[in-house]
Amino acid sequence: MQADSEEPETMEFDVLIVGGGPAGLSAACRLKQLAAAAGEELSVCVVEKGSEIGAHILAGTVFEPSALAALFPDWQERGAPLQTPVSRDEILLLRDSETASRLPNLLVPKNMHNHGNYVISLGNLCRWLAEQAEALGVEIYPGFTAARTIIEDACVKGVLTGEMGVARDGSHKPGYVPAMALRAPYTLFTEGCRGHLGKQLIAQFKLDEGRDPQHYGIGIKELWDIDPALHEPGLVVHTTGWPLNENDATGGGFLYHAQNNQVYVGLITDLSYSNPHLSPFDEFQRLKHHPRISRYLAGGKRVAYGARALSKGGFNALPKMSFPGGLLLGCDAGTLNSSKIKGSHTAMASGMLGAEAVFEALGNGLKGAEISDFAQRFQASALYRELYAERNFGPAMHKFGNYIGGAIAFFEQNILRGSLPFTLHDRLADHASLKPAAECSRIDYPKPDNRLSFDRLSSVFLSNTNHSEDQPVHLRLSDPQLPITVNLPIYDEPAQRYCPAGVYEVTAADDGSGKQLQINAQNCVHCKTCDIKDPSQNITWVTPEGGDGPNYPNM
Amino acid sequence: MTILVLAEHDNNTLNQASLSVIAAARAIGGDIDVLVAGENCSAVADAAAAADGVTRVLLADSPLYGHFLSENLALLLSRTGHAYSHILAAAGTTGKDVLPRVAALLDTAQISDIIRVEDADTFVRPIYAGNALATVRSDDPVKVITVRPTAFDPVSAEGGSAAIEALPAAEDAGLSAFVSAQNAESDRPDLASADIVISGGRGMQNGENFQLLENVADILGAAIGASRAAVDAGFVPNDMQVGQTGKIVAPQLYIAVGISGAIQHLAGMSDSKVIVAINKDEEAPIFQVADYGLVADLFDAVPALENALRDAV
Amino acid sequence: MKVLVAVKRVIDYNVKVRVKPDQSGVDLDNVKMAMNPFCEIAVEEAVRLKEKGLASEVIVVSIGTAASQEQIRTALALGADRGLLIETDEEVQPLDAAKLLKAVVEQEQPGLVILGKQSIDSDNNQTGQMLAALTGMGQATFASAVEVTDDRVQVTREVDGGLMTLSLKLPAVITTDLRLNEPRYASLPNIMKAKKKPVAVTTADELGLALSPRLKTLKVEAPEPRKAGIKVADVAALVDKLKNEAKVI
């Protein structure tokens, strides 16, 4: 390795934004709008690890347009890709693999009504937001990772981009490009759920002090072409219960009818599950066989696949969002509204709030001093009111399961309208919730039929994931032996099952000797589940080479 | 309607691929002339005349064509070819080099790498590296076409008795000169263009065991490949990888040994003409694409295969 | 000596193509697009010639929709000097592409034209050869090494069964194969600089040409998946089948 001490080449901006998702792009647009209104020059730079904006974006998505309307009141004239209004809402309680009952409309929690919302591709919305941002003068650089934060004098000063052209052994290949320093008085971290820099910032600046641990889900989703006769544009189906309830896990499925005879089908599995034999991927494959789902997919063709963790701890787990030199926004902090299972509009709203705070700070001559009133600004916002109102939803679901938990949430949200005088807490972190494998029943998942259900590798194939082969493994083990010495005997190494991309395999010789953990890093879809769920917290997700990872179209 | 086929050869022997191109010409229908352009290549003309279904052989024997320089060949072909309904060549490096130049000189479109003849004007060709098949129609009076040889069963090399006519050389384009040729160094052909490929997967267990495949490859003149799992496990270097992130191969025969057959591997070899799978797991997905599957322990089967081939080939 | 490089915007090589259900083509909506990998190698080769002092200017030209500006900018970030987009929303087939490029060659008078050997979408492998024919230049396809001397260029080509080296009079056309070079990464500062480099936009009309696609695509289908064959009992049966049934050994 060459000396790291060489001073990297530096570029300076007024505001640097890490991550081109809904939060980051909304912040960028808002900053430029504010600067234009004030007649000021303001340089705003967005770096994005995906090969293009939208490449790594994966969400449901039933989109609530409130934040978009606040950012661009004329979004319709501007051609924002919100083409499919929700036409009908269904909530199904799946009792088992065959039967279901439909929750009467009256009993559907208020927050689950989707009138006025749209079935969209969040990736495509981000592509559109990026166009708006560039037209406003934002500099967007996809294909560049923010590998490390620059922290000087306990203040974030920017980020170092990832090096390019490093071989697996750490040596420099021909064409090696060193890291660059991107510096700004304020850096907004909008990496999405479990951002690898956000995680470090939370630890370094103790942003989660006094908060509940963040809670997560793993969302796995597919895009299907279906029989036009079965297609009902705007139909939104949510499911709860089976299959996760068979293994005391929580979460929910979804089936959204988009345009062009396509549907999104997916399952969110809460990562608080306790049985290490559970496989969120296989649970999702099972879900598709339920008659209430398969009736739409039968005869269809799977087009795309992806997976992404989501931060769903809500208000109780939301860390402090400000620190010297920057803000932590969107799902990087955890602004998702888990009762609505919607994080896109709240991410956008948090990005806009962040932009307003930073613009004001710069106007006041601050050059990176912590925006200490961000908490008040946040608490005064509609976003805060929304998150506060749903604060008991996640913990209730976790503590009491989908049925009773849902009832509490229902009671609270429809009768009390969020004014329940107590707050439920959920203080067990997701990585600590696994029980030893020996105490749990094994789960025999059915073999894929290759019509409705598939294996991991043929799924990853449809995520268009690629990582250049000769580069360091971007899934770092603090202790390389631990998966075999600890995780395997106690938990039957759950990484083999929680990873939705087949990254982790325990291999052995024919006689069972020589067991080792094989990390197929090229398959990684950047969902971050391993970083979250590893019971030993031994896996750290770091950025691979810029531009690597999935290439999601229309997801 | 007469079709002109450009013979591919090395001045001594007619390439087998040309027999497949003649087969494609027969599928179009009409008389078939074969142009043999080269230097001291009368033996090739004789071979072409003996091929089944050939009407006439045109022999342009001149130092101008000894190294198949495209500028000179294109001049000859464009001069001769305008009288034909179709001009065909194998989609090898010579045909791919020369025919577009001929097409441009004739102001006609070229249809590349056809795998099926629908009718005299309509052809099927792979696009997007074989991930889609396009059916295209040409209304040009002369259709210039390259043919994927593996898609057409070759006509018999015997049975024909076409007349051989000498064709005078065209002028020297004077644009390029041959400097040198270097045949592939080893006996081992290049993975991407080999006629036979034998690949090992994680079932090989280590790099040393690839010697088993080498032994078979030596007999068959095959190239050696590997699945990504074998590469990731460190058995063999990455340049041997066949698959989505490695090389895309389409040999006549692909032998997959100890390879489970993940779709990422299939993406790199499923256009092979014949696929053989040797795997002890009879549920391995590789058997879903294999023409011949052998459920067996590779450490027994591969040495047995070596012995059997030694006798058979 | 000017070097002209042609680049094409294509679906990214990492993206699995999906044939549209109506068989009209391949779905390109919101799909990641990129510079054709062989074109990237062409740009890299031209930039290396400039860095060696053998080329004075690298001009990059693309034919396609306004979005092809992105690929021209990428080429500029890799070191090309200026760009030209021949803008059209229509399908451009190789013969038309060659005619348009010929018009550019007549304007720019490059000493060398470098193209990718084929684009990974239509897989035609024609445009370079056609351009060479139309301009009366010599051609070296499938290049794996390029050496420019005073008024000639020596090119090693990857041909079936080995390598072949040619010497061509300049000006000449070269098409690139994979092993010619490994393209560099575009660095952030170079991407920024590329935004300020000039890109001219013209049309076929302005070049005095009209597009006339000759081939009509009737339909585009996904290939039939391979079907499982038979299981053989033992090695002897396998060898027998390969020899006498499949006839591949």
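If you're wondering where the values come from, they're calculated on a predicted model, not measured in any experiment. (Residues numbered from 1 in each chain as written. Chains lettered and ligands numbered in written order. Predicted model: local features only at pLDDT ≥ 70, side-chain atom pairs only at ≥ 80, totals over all residues. Heavy atoms only, no water.)

Here's the deal with the domain arrangement of chain B
Residue and element names in this part refer to chain B.
Alright, step 1. Split into domains, chain B comes out as domain 1 (2–166) and domain 2 (191–312).
Alright, step 2. Distance from the C-alpha centre of domain 1 to the C-alpha centre of domain 2: 33 Å.
Alright, step 3. Each partner contributes residues to the interface: domain 1 has five residues there, and domain 2 has four residues.
Alright, step 4. Carbon and sulfur atoms supply 42% of the area that domain 1 and domain 2 bury against each other, a total of about 350 Å² over both sides.
Alright, step 5. Counting the contacts that link domain 1 with domain 2 gives one salt bridge.
Alright, step 6. Notably, a salt bridge pairs Asp153 with Lys273, separated by 3.2 Å at the nearest N-O pair.
Alright, step 7. Summed over the shared surface of domain 1 and domain 2, the result is one residue pair in polar contact (both at pLDDT 80 or more).
Alright, step 8. Residues of the side of domain 1 that touches domain 2, tallied by class, amount to one nonpolar, two polar and two charged. (Domains from an automatic or database assignment. Contact = heavy atoms within 4.5 Å. Buried area = accessible area lost by both parts, 1.4 Å probe. Salt bridge = Lys/Arg side-chain N within 4 Å of Asp/Glu carboxyl O. Polar contact = N/O pair within 3.5 Å; in protein donor to acceptor, adjacent residues only side chain to side chain. Nonpolar A, V, L, I, M, F, W, Y, C, P; charged D, E, K, R; others polar.)

Describing the interface of chain C and chain A
The accessible area lost on association of the parts is a frequent measure of interface size.
Alright, step 1. On the side of chain A, 27 residues touch chain C, which itself brings 18 residues to the contact.
Alright, step 2. Both faces combined, the contact of chain C with chain A buries some 2,000 Å², and carbon together with sulfur accounts for 62% of it.
Alright, step 3. Summed over the shared surface of chain C and chain A, the number is one salt bridge.
Alright, step 4. A salt bridge links Asp225 of chain A to Arg18 of chain C, with the shortest nitrogen-to-oxygen separation between them at 2.6 Å.
Alright, step 5. For the pair chain C and chain A, the number of links is eight residue pairs in polar contact (both at pLDDT 80 or more).
Alright, step 6. The residue inventory of the side of chain C that touches chain A, partitioned by class, reads 10 nonpolar, three polar and five charged.

Some words on the pairing of strand β18 (residues 251–257) of chain A
Looking along a regular strand, one sees side chains alternate from face to face of the sheet.
All names here are of chain A.
Alright, step 1. Burial runs high along β18: seven of the seven residues are buried.
Alright, step 2. Burial along β18 is two-sided: Gly251, Gly253, Leu255 and His257 and Gly252, Phe254 and Tyr256, pointing in opposite directions, are all buried.
Alright, step 3. With four bridges joining them, strand β17 (residues 235–241) and β18 adopt antiparallel strand pairing. Each bridged residue has a counterpart across the sheet, and for Thr239 the counterpart in β18 is Gly253. (Buried < 20%, exposed > 50% of the residue type's maximum accessible area, 1.4 Å probe, protein only. Helix = DSSP H or I, 4+ residues; strand = E, 2+ residues; numbered from the N terminus. Pairing = 2+ DSSP bridges.)

Describing the confidence of the model for chain A
The predicted structure's coordinates, where accompanied by low pLDDT, should not be read in detail.
Alright, step 1. On average, residues of chain A score 92 in pLDDT, and 92% of them reach the 70 mark or higher.
Alright, step 2. Ignoring residues within four places in sequence, the model shows residues 414–419 of chain A, a span with pLDDT below 50, making 11 contacts including any to other chains. (pLDDT = per-residue confidence, 0-100.)

Considerations on the interface of chain B and chain C
Alright, step 1. In this complex, chain B contributes 79 residues to the contact, which on the side of chain C involves 71 residues.
Alright, step 2. With both chains or domains summed, chain B and chain C bury close to 5,900 Å², and 56% of this area falls on carbon and sulfur atoms.
Alright, step 3. It is Thr93, Tyr128 and Tyr292 of chain B in chain B that bury the most area against chain C; as a group they hold 13% of the surface buried on that side.
Alright, step 4. Our count for the contact surface shared by chain B and chain C stands at six salt bridges.
Alright, step 5. Here Arg214 of chain C makes a salt bridge to Asp140 of chain B, at a shortest N to O gap of 3.1 Å.
Alright, step 6. Among the residues making up the side of chain B that touches chain C, the classes are represented as 41 nonpolar, 23 polar and 15 charged.
Alright, step 7. Bridge count for strand β11 (residues 176–183) of chain B against strand β9 (residues 162–169) of chain C is seven bridges, and the pairing is antiparallel.

A few points about the environment of Cys524 of chain A
All names here are of chain A.
Alright, step 1. In this structure, Cys524 sits in the loop between β25 (516–519) and α14 (529–533).
Alright, step 2. Classification of Cys524 as buried rests on a relative accessible area of 6%.
Alright, step 3. As a C-alpha pair, Cys524 and Leu68 span 456 residues in sequence and 31 Å in three-dimensional space.
Alright, step 4. Non-local contacts of Cys524, meaning those with residues more than four positions away in its chain, are made with Thr465, His467, His474, Leu475, Val503, Trp541, Gly549 and Pro550.

A look at the pattern of salt bridges
Alright, step 1. Considering all chains together, one arrives at 61 salt bridges over all chains under this definition.
Alright, step 2. With its nearest N and O atoms 3.4 Å apart, the salt bridge here joins Asp121 of chain B to Lys143 of chain B. Of this pair, Asp121 of chain B sits in the loop between β6 (116–119) and β7 (122–127) while Lys143 of chain B sits in strand β9 (residues 143–147), placing them 22 residues apart in sequence.
Alright, step 3. On the basis of relative accessibility, which here comes to 30%, the residue Asp121 of chain B falls in the partly exposed class.
Alright, step 4. Several salt bridges converge on common partners, so that one network encompasses Arg88, Glu90, Arg102 and Glu232 of chain A.

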